[in-house]
Amino acid sequence: MIPVAIQQYLRRHRVPFERYAHARAESATELVEVLNVPGWRVAKSVIVKANRQPWIVVVPALASVDLRQVRDILGVHTARLATESEFVDHFPGCEPGAEPPFGELYGLPVAVDESLSLNERLLFRAGSHEEALELRFQDFARLEWPLVASFIQPLAAERGSQDSYSSPMEESGASA
């Protein structure tokens, strides 16, 4: 179930959203599968530590965060995936691994991959492994005012489109 705090946050800011109950999905890849939607429609939150400051970096579900890009764009010396123990307390009421992209609500800066801005609507994990949230990208951008830039690893030309996005973050517990 989507935490009440998230629902209230969206309603307070008059952001229309739709909720989608689904079979339990632990990873973003599983969420794509259970919702039976293209991977580019699902956005995942990856928690990154940039010079000790946690950031929510939102990328397509099947993509990997390019930490070099994060470091360069944020102008920091270090950028790494945060461990679950480093960020779980930032998201009260949320299931670990289902971190929402709502930094304003949780006191964290948000960066979003520019490829997601091309979508009219996005599906997000919102604190639950059994329910997703859909809203317009423009509403998300108006709500969060994220830094928009390229944060994903380049695609490998010789791979198939499904295999060209890999996500080692999912195994580390640092992605949604």
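Provided above is the structure to which this section pertains.
Residues numbered from 1 in each chain as written. Predicted model: local features only at pLDDT ≥ 70, side-chain atom pairs only at ≥ 80, totals over all residues. Heavy atoms only, no water.

Structural notes on the overall build of the protein
Counting its regular elements, the protein contains seven helices and eight strands. When burial is assessed residue by residue, the protein has 53% of its 176 residues classed as buried. Once local pairs closer than 6 in sequence are excluded, the contacts in the protein between residues at least 24 apart make up 71%. For the protein, the exposed area adds up to about 8,500 Å²; of that, 49% sits on carbon and sulfur atoms. (Helix = DSSP H or I, 4+ residues; strand = E, 2+ residues; numbered from the N terminus. Buried < 20%, exposed > 50% of the residue type's maximum accessible area, 1.4 Å probe, protein only. Contact = heavy atoms within 4.5 Å. Areas by Shrake-Rupley, 256 points an atom, 1.4 Å probe, with all protein chains shown as cover.)

Some remarks on the side chain of Ser45
Its place among the elements puts Ser45 in strand 2 (residues 42-50). Its relative accessible area of 3% is what places Ser45 among the buried residues. Within polar-contact distance, the side chain of Ser45 engages the backbone oxygen of Glu99 at 3.1 Å. (Polar contact = N/O pair within 3.5 Å; in protein donor to acceptor, adjacent residues only side chain to side chain.)

Some points on the pairing of strand 3 (residues 53-60)
Within a regular strand, the side chains alternate between the two sheet faces. With seven of eight residues buried, strand 3 is to be regarded as a mostly interior element. The pairing of strand 2 with strand 3 spans eight bridges and is classified as antiparallel. The partner of Ala50 across the bridge, within strand 3, is Gln53. Here strand 2 folds back onto strand 3, and the loop between the two strands holds two residues, one of which, Asn51, carries a positive phi near 50°. (Pairing = 2+ DSSP bridges.)

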